[in-house]
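What follows is the residue order along each chain.
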Amino acid sequence: MNQTSLPTKRLDEVVCPTTIIRAPRLAGRLGVSLIIASETFQHTGSFKFRAAYNLASHVKEKKIIAASSGNFGQAIAYACSLLGKSCTVVMPATSAEVKIDAVLEYGGVVDLIDVNEKSRAARVAELASESPDAYVASAYDDPLVIEGNASLGKEIAALDRQIDIVVAPVGGGGLTSGIIKGIRAADRNIKVVGAEPLIANDAARSLRAGHIVANDTEPRTIADGARTVSLGQHNWAILKDGLAAIVEVPEENIREAVRLLFSLANLKAEPTGALSIGALLTAPDLFRDRSICCVVSGGNVDPRVYNEILLG
């Protein structure tokens, strides 16, 4: 990887504005006034580039170590390539092949682990001890990550239309905490609702308990971007009173959401990215007669998995 120091551009000079899609057939099927804020056309195919570039451009270290199921990994690899830095990404061996390949193609080093034998955090700690001059980046639990993702909240808040509720996927909480921060900065009265896999519902359980509740192991939901063990501390500080609700989405509704986005919005979404539409399928009464913005957070899906969902 090129280690030459490169001129640093601001995030707003590098990031692609989110793509706003009006899908009347999908809106009619769901019974709501709907727009989609799609991050599938963002650099590296997901919202994670916002966070990765903001972080990599603000830290002084030339090497970054991170753990990721794929989207943050390829985003940090690409951001580092733009900034003349290097990165190592710890990834579960079960990560989508398309995401592993992307990290490598963007110039990152991939370190695959069996999460049943060793946690991502434990492996990151080992690598950090071997490279004490490196910056250890969380994919979600870092103020620079939240600040980067706030750019999406600001873009949504700046839209010249009525929006009652923004629905966005929840994994570690980096996206939703960023959206809340961005909307607050714009002083818009827009509620934010999280969408989380039912079988990976640590965030919903945390909201009910009033403190962070962790999963014992990484959940095996099809929404691989939400296979986090728990919310991050920095994210929880915002989400605990910033989220209006979290909808717990069953696996079949995640799959159906992927199919609906394909057939009624001409949009390829990964399962995690489709969670927001899955929330509307799961809790229609929560959204009825409201103006909704669903965030489709990414489109990096393994072709085999995508084909299986569409034909399922």
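*Asks:* Before we go on, may I ask you to explain the overall build of the protein in this structure?
*Replies:* Counting its regular elements, the protein contains 14 helices and 10 strands. A compact globule built from 312 residues would reach a C-alpha radius of gyration of about 20 Å, and the protein, at 18 Å, matches this within 12%. Taking all 312 residues of the protein together, 59% fall into the buried category. Looking at the protein alone, contacts between residues at least 24 apart form 74% of all its contacts between residues at least 6 apart. About 12700 Å² of surface is accessible on the protein, with carbon and sulfur atoms providing 50% of the total.

*Asks:* Teacher, can you tell me more about the state of the cysteines here?
*Replies:* Linking two cysteines covalently via their sulfur atoms produces the bond known as a disulfide. If you walk through the whole model with that rule in mind, you get 0 disulfides. Lacking any disulfide linkage, Cys87 is separated from the closest cysteine sulfur, that of Cys80, by 4.5 Å. Residue Cys87 is classed as buried on the basis of its relative accessible area, which comes to 3%. Between Cys294, a free cysteine, and Cys293, which holds the nearest cysteine sulfur, the sulfur-to-sulfur gap is 7.1 Å.

*Asks:* What am I meant to see in the nonpolar core here?
*Replies:* One broad rule of soluble globular proteins: the nonpolar side chains tend to lie buried together. Counting 39 residues, the largest nonpolar core has Leu26, Leu34, Leu261 and Phe287 as the members making the most contacts within it. Aside from chain neighbours lying at most four places away, what touches Leu261 is Leu26, Ile36, Asn266, Leu267, Ala269, Ala274, Ile277 and Val296. Among the nonpolar cores identified, the runner-up in size contains 29 residues, and Val15, Ala75, Leu83 and Cys87 belong to it.

*Asks:* Help me out: how do you make sense of the packing of aromatic side chains in this one?
*Replies:* Any pair of aromatic rings gets described here by the distance separating the centres and the angle formed by the planes. A complete count under the given rule lists 4 aromatic pairs for this structure. When the centroid spacing of 5.7 Å and the interplanar angle of 35 degrees are considered together, the rings of Phe49 and Tyr53 count as tilted. Taken together, the residues Phe49 and Tyr53, both in helix α3 (residues 48-58) and 4 residues apart, mark about one turn of the helix. Relative accessible area serves as the criterion here: at 0%, Phe49 is assigned to the buried category. Aromatic pair Phe49 and Tyr78: ring centres 5.7 Å apart, planes at 40 degrees, arrangement tilted.

*Asks:* Hey, could you run me through the sheet that holds strand β2 (residues 33-38) in this one?
*Replies:* Backbone hydrogen bonds hold the strands of a sheet together, and the pairing may be parallel or antiparallel. Across the sheet, which stays open at both edges, the 6 strands sit in the order β1-β2-β10-β7-β8-β9 with mixed pairing between neighbours. Each edge of the open sheet carries a strand with a single partner, namely β1 (19-21) and β9 (245-249). Adjacent strand axes in the sheet meet at a mean angle of 25 degrees when their direction is disregarded. In terms of strand pairing, β2 meets strand β10 (residues 291-296) through 6 bridges, oriented parallel. What sits directly across from Ala37, in β10, is Val295. Strand contacts of helix α9 (residues 202-209): β8 (191-197) and β9, with the helix running at about 140 degrees to β9, the strand carrying the most contacts.

*Asks:* Would you mind going over the side chain of Ser131 with me for this structure?
*Replies:* Positionally, Ser131 belongs in the loop between α6 (120-130) and β6 (135-137). Each residue touching Ser131, except ones within four places of it in the same chain, is listed here: Lys63 and Ile65.

*Asks:* Even after reading the chapter, I still don't get the packing of helix α4 (residues 71-83) against helix α5 (residues 97-105), so can you show me in this structure?
*Replies:* Packed helix pairs are characterised by how far apart their axes lie and by the angle those axes make with each other. Contact geometry of α4 with α5 gives a least axis separation of 8 Å together with a crossing angle of 15 degrees. Taken together, the axis directions place α4 and α5 in an arrangement best described as roughly parallel. The chirality of how α4 crosses α5 is left-handed. Residues Asn71, Gly73, Gln74 and Ala77 of α4 form the contact with α5, whose own contacting residues are Lys99, Ala102 and Val103.

*Asks:* Help me out: how do you make sense of the pairing of strand β3 (residues 63-67) in this one?
*Replies:* Remark: a regular strand shows side chains that alternate across the two faces of the sheet. Burial analysis of β3 places 4 of its 5 residues in the buried class, the great majority of the element. Direction of pairing for β3 relative to strand β4 (residues 86-92): parallel, over a ladder of 5 bridges. Bridge pairing in β4 places Lys63 opposite Ser86. When β3 meets β6, the two strands line up parallel, connected through 3 bridges.

*Asks:* Looking at this structure, I do not really get the layout of surface pockets. What am I missing?
*Replies:* Space left empty within the atom packing is revealed by a probe, the size of a water molecule, rolled over the atoms. Counted as a void, the largest pocket has a volume near 810 Å³. In terms of lining, the largest pocket is formed by 41 residues, of which the most central are Ala67, Arg120, Ala139, Tyr140 and Thr228. When contributions to the lining of the largest pocket are tallied by element, the ones reaching two or more residues are α4, α6, β6 and α8 (174-186). Tallied by class, residues from the lining of the largest pocket come to 14 nonpolar, 19 polar and 8 charged. When its volume is computed, the second largest pocket comes out at roughly 300 Å³. If you list the elements that add at least two residues to the lining of the second largest pocket, you get α5 and α14 (303-311). Per-element accounting of the lining of the second largest pocket gives the leading share, 3 residues, to α14. Looking at the lining of the second largest pocket residue by residue, the classes come out as 5 nonpolar, 4 polar and 9 charged.

The rules behind each value
- Residue indices follow the written sequence of each chain, beginning from 1 at its first position.
- Under the rules for a predicted model, residues below a pLDDT of 70 receive no local features and side-chain atom pairs below 80 are neither given nor counted, while totals for whole chains, interfaces and linings still include all residues.
- The side-chain numbers reported here are obtained from all heavy atoms of the structure, hydrogens and water having been left aside.
- Only DSSP runs of H or I with at least four residues qualify as helices, and only runs of E with at least two residues qualify as strands; both kinds are numbered from the N terminus onward.
- Values of the radius of gyration come from C-alpha atoms, whereas the globule rule sets the reference at 2.2 Å times the count of residues to the power 0.38.
- Throughout this description, buried means an accessible area under 20% of the type-specific maximum (1.4 Å probe, protein chains only), exposed means over 50%, and partly exposed covers the range between.
- Residue contacts follow a heavy-atom distance rule, with two residues in contact if any of their heavy atoms lie within 4.5 Å.
- With residues, only the protein chains shown are counted as cover, and all accessible areas are computed by Shrake-Rupley using a 1.4 Å probe.
- When two cysteine sulfur atoms lie within 2.5 Å, the pair is treated as a disulfide.
- For the purposes of this section, nonpolar cores are sets of buried Ala, Val, Leu, Ile, Met, Phe, Trp, Tyr and Cys residues that join through side-chain atoms within 4.5 Å.
- When the centres of two rings from Phe, Tyr and Trp lie within 6.5 Å, Trp using its six-membered ring, the rings pair. Their planes under 30 degrees apart give stacked, over 60 give edge-to-face, and anything left gives tilted.
- What makes two strands pair is DSSP finding at least two bridges between them.
- An axis is simply a line fitted to the C-alpha atoms; with a helix, the fit covers only the stretch in contact. Between two such axes, the angle follows the N-to-C directions and lies from 0 to 180 degrees.
- Any angle that is under 35 degrees is reported as roughly parallel, and any over 145 degrees as roughly antiparallel; angles of 65 to 115 degrees are reported as roughly perpendicular and all others as oblique.
- The sense of a crossing depends on the near helix, which, turned anticlockwise from the far helix by less than a right angle, makes the crossing left-handed and, turned clockwise, makes it right-handed.
- Here a cavity means grid points, on a 1 Å grid over the protein atoms only, where a 1.4 Å probe fits yet cannot get out; a pocket means an open set of points with protein on both sides within 12 Å along at least five of seven lines; lining residues are those with an atom within 4 Å of a point.
- Grid points are joined across faces, edges and corners, and a volume is the space filled by probe spheres set on the points.
- Three residue categories are used. Nonpolar comprises Ala, Val, Leu, Ile, Met, Phe, Trp, Tyr, Cys and Pro, charged comprises Asp, Glu, Lys and Arg, and polar comprises the others, including Gly.

Honestly, it's all geometry; don't read function into it.
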